[in-house]
There are 2 protein chains.
Amino acid sequence: MEISKFGGEFKLIDAIVKHVKDPGIIKDYGDDAAVIKTSDPKVHQLISTDMFTDGNHFSTKYFSPLEIGYKVSEATLSDIAAMGGKPKYMFISICLRKNLQIAYLRSLYRGIYNSCSHHKVLILGGDTVRNNKISCALTAVGEVSTENLCLRSSAKVGDIVKVTGELGGSNAGFIILKREYLGHRYIKKKHLQPRCRLDLVDKIAPLANAMIDVSDGIAGDLKHICDQSGVGAEIIKQDIPISKQVIHAARALKMNPHNFAIYGGEDFELLYTVPEENAKKTPGTTIGRIVSGNGVTLVDRKMHTREVLKGGYEHF
Amino acid sequence: MEISKFGGEFKLIDAIVKHVKDPGIIKDYGDDAAVIKTSDPKVHQLISTDMFTDGNHFSTKYFSPLEIGYKVSEATLSDIAAMGGKPKYMFISICLRKNLQIAYLRSLYRGIYNSCSHHKVLILGGDTVRNNKISCALTAVGEVSTENLCLRSSAKVGDIVKVTGELGGSNAGFIILKREYLGHRYIKKKHLQPRCRLDLVDKIAPLANAMIDVSDGIAGDLKHICDQSGVGAEIIKQDIPISKQVIHAARALKMNPHNFAIYGGEDFELLYTVPEENAKKTPGTTIGRIVSGNGVTLVDRKMHTREVLKGGYEHF
């Protein structure tokens, strides 16, 4: 059987890797990062690894090497943010073409270095090897105080669902870039130079229950929370934060702006659930509520329609 | 300038990444693994990342998927052994073709899993993405008691140079496989199913000064120790341990067996320096001595000739 017919990446991993039962491990794969006990009972270590390939996560056609480096770093660090933690160290493996120019590689590393420096993350190691296409594998190591740990599996019925920033920018930018539209600089930048939300972790993590970063689109990411928490979610379509630039781009593309926000990935905003009494104390926009049942339902308040959302982006 | 004209991978990394100055970091890149202080003053954490691509580190032409998985895991765990440590956790990122069969991927994971299980290493996370060629990026996390830490930079003039096992098997096997020779099963297996020497770490690390694993050939690997320790080394050609199977393969290939042992990589044996008074207490074969000066000199005892060795395998 081919992987694409098997039901996608998550089912694939589930079928092959067995969950670890070890007293030192709080969480193995299946969340944004693995959670490991340390000798300090108040602190857990977080480790996350991500791989990025030309043509899937970036394109050398319209990404500068600086932007590739920047994006792969922010995407990797975002996984640590999504657990309520802070990254400390980064390890970088890069596949390169043999005839690649030093200046190109230097810019790519500079992009990673700029992102890491900004978040006070130290680059501690790596590997460079040859391949016919550029790809990068990054591993981020961080820590989280045990009180702040936010798992995907911790959403409670009655929680408010909130999201930081605005959604759909990265996906709209991707299509604008791919179709070579002129203009739309703001939206292009959302795709080429995304920022993870480590700036908001301290304000959200102490109060939130479950959290994830928006990498597969809120439909898919909220579904991960629902599936792992054994709950459902209702999202109010009109409350999803969409920038006027995404609406403008959608008009130009003759596409529905809500589709960018709901199914578009790689915004790297934080999507989290928070008990109602704490909801006003955390940053971001309220977009819905955790309910009993399962799956994510989109409610159109004006039209009184309901739609059960499918999952997000699947690599296979 | 192209990378291949720049002087290879190590010069490349040196030129781009700045060494980290941080009180929590014992060693950043440049050794087999990064060494990080933990909250327990007697234990350091070790983290190493390696990337492997089809056509460079393995070939899907003659490696079974089980063997690919096994080899990339053993090679990654070998970096933790080379520091005197024990691996605990593994993170795996894999690039796959979209039309790859599930059974193939399952075997590849099974190979990694078998290797990790053997060494009591837990698989805690990973990522699977698409690419046109198979590649894997593995990150091993381990620990070392501060007393057992063996850096490349700790060799002392007068130390005895020792190596575990026998050398050249992997490189001889590689050429035998590439040229599609029949027979030579033992040598082929040395290339397809190498084993890292975690079994010997407890016997070597408490007594050794500097250590490295044989991944680039002893000429290159001993040069890393010499360069980082500010010393030289003299190796006795006749004392290098070479199996009769390597000699047999060399005869069939009309090649010099010593070249496999000196310049051939990926044996994953441990190459270390040990004070003379401890040299008889550690496993392996004595092949030479650390001297003042720099570089690695090969001494032919019978012919009384001396030859300064070049470095090992360069990816670029």
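Look up: the structure comes first, before these words.
Considerations on the overall build of chain A
So, step 1. Counting secondary structure elements, chain A contains nine helices and 13 strands.
So, step 2. Since a compact globule built from 316 residues should have a radius of gyration of about 20 Å, the 19 Å found for chain A is in line with a globular shape.
So, step 3. Summarising its shape, the C-alpha atoms of chain A cover approximately 55 × 55 × 45 Å along the three principal directions.
So, step 4. Counting all 316 residues of chain A, 60% fall into the buried class.

Re helix α3 (residues 102–118) of chain B
All names here are of chain B.
So, step 1. Between its first and last C-alpha atoms α3 spans 24 Å; for 17 residues at 1.5 Å apiece the expected length is 24 Å, and the two agree.
So, step 2. Of the residues making up α3, those classed as buried are I102, L105, L108, Y109, G111, I112, S115 and C116.
So, step 3. Just beyond α3, the residue with positive phi is K120, at close to 60 degrees.

Quick word on the side chain of B:K162
Residues and elements named next belong to chain B.
So, step 1. Take K162: it is sitting in strand β7 (residues 160–163).
So, step 2. Although K162 is buried, it forms no salt bridge, and the closest oppositely charged side chain is E276 at an N-O distance of 12 Å.
So, step 3. A distance of 2.8 Å separates a polar side-chain atom of K162 from the backbone oxygen of A279.
So, step 4. Other than its neighbours up to four places away in sequence, K162 contacts L270, L271, Y272, V274, A279, T282, P283, G284, T285, T286 and I287.

Observations concerning the pattern of salt bridges
Proximity of charged atoms lets side chains of opposite charge pair with each other.
So, step 1. Under the definition given, this model contains 22 salt bridges over all chains.
So, step 2. The partner of A:R197 in a salt bridge is A:D199, and the shortest N-O contact between them spans 3.1 Å.
So, step 3. Between B:R152 and B:D32 there is a salt bridge; the shortest N-O distance is 3.2 Å. Placement of B:R152 in the loop between β6 (135–145) and β7 and of B:D32 in the loop between β1 (25–27) and β2 (34–37) is noted, with a sequence separation of 120 residues between them.

Definitions and cut-offs
- Residues numbered from 1 in each chain as written.
- Chains lettered and ligands numbered in written order.
- Predicted model: local features only at pLDDT ≥ 70, side-chain atom pairs only at ≥ 80, totals over all residues.
- Heavy atoms only, no water.
- Helix = DSSP H or I, 4+ residues; strand = E, 2+ residues; numbered from the N terminus.
- Rg over C-alpha atoms; globule rule 2.2 N^0.38 Å.
- Buried < 20%, exposed > 50% of the residue type's maximum accessible area, 1.4 Å probe, protein only.
- Expected span 1.5 Å × (residues − 1).
- Lys, Arg positive; Asp, Glu negative; His and termini not counted.
- Salt bridge = Lys/Arg side-chain N within 4 Å of Asp/Glu carboxyl O.
- Polar contact = N/O pair within 3.5 Å; in protein donor to acceptor, adjacent residues only side chain to side chain.
- Contact = heavy atoms within 4.5 Å.

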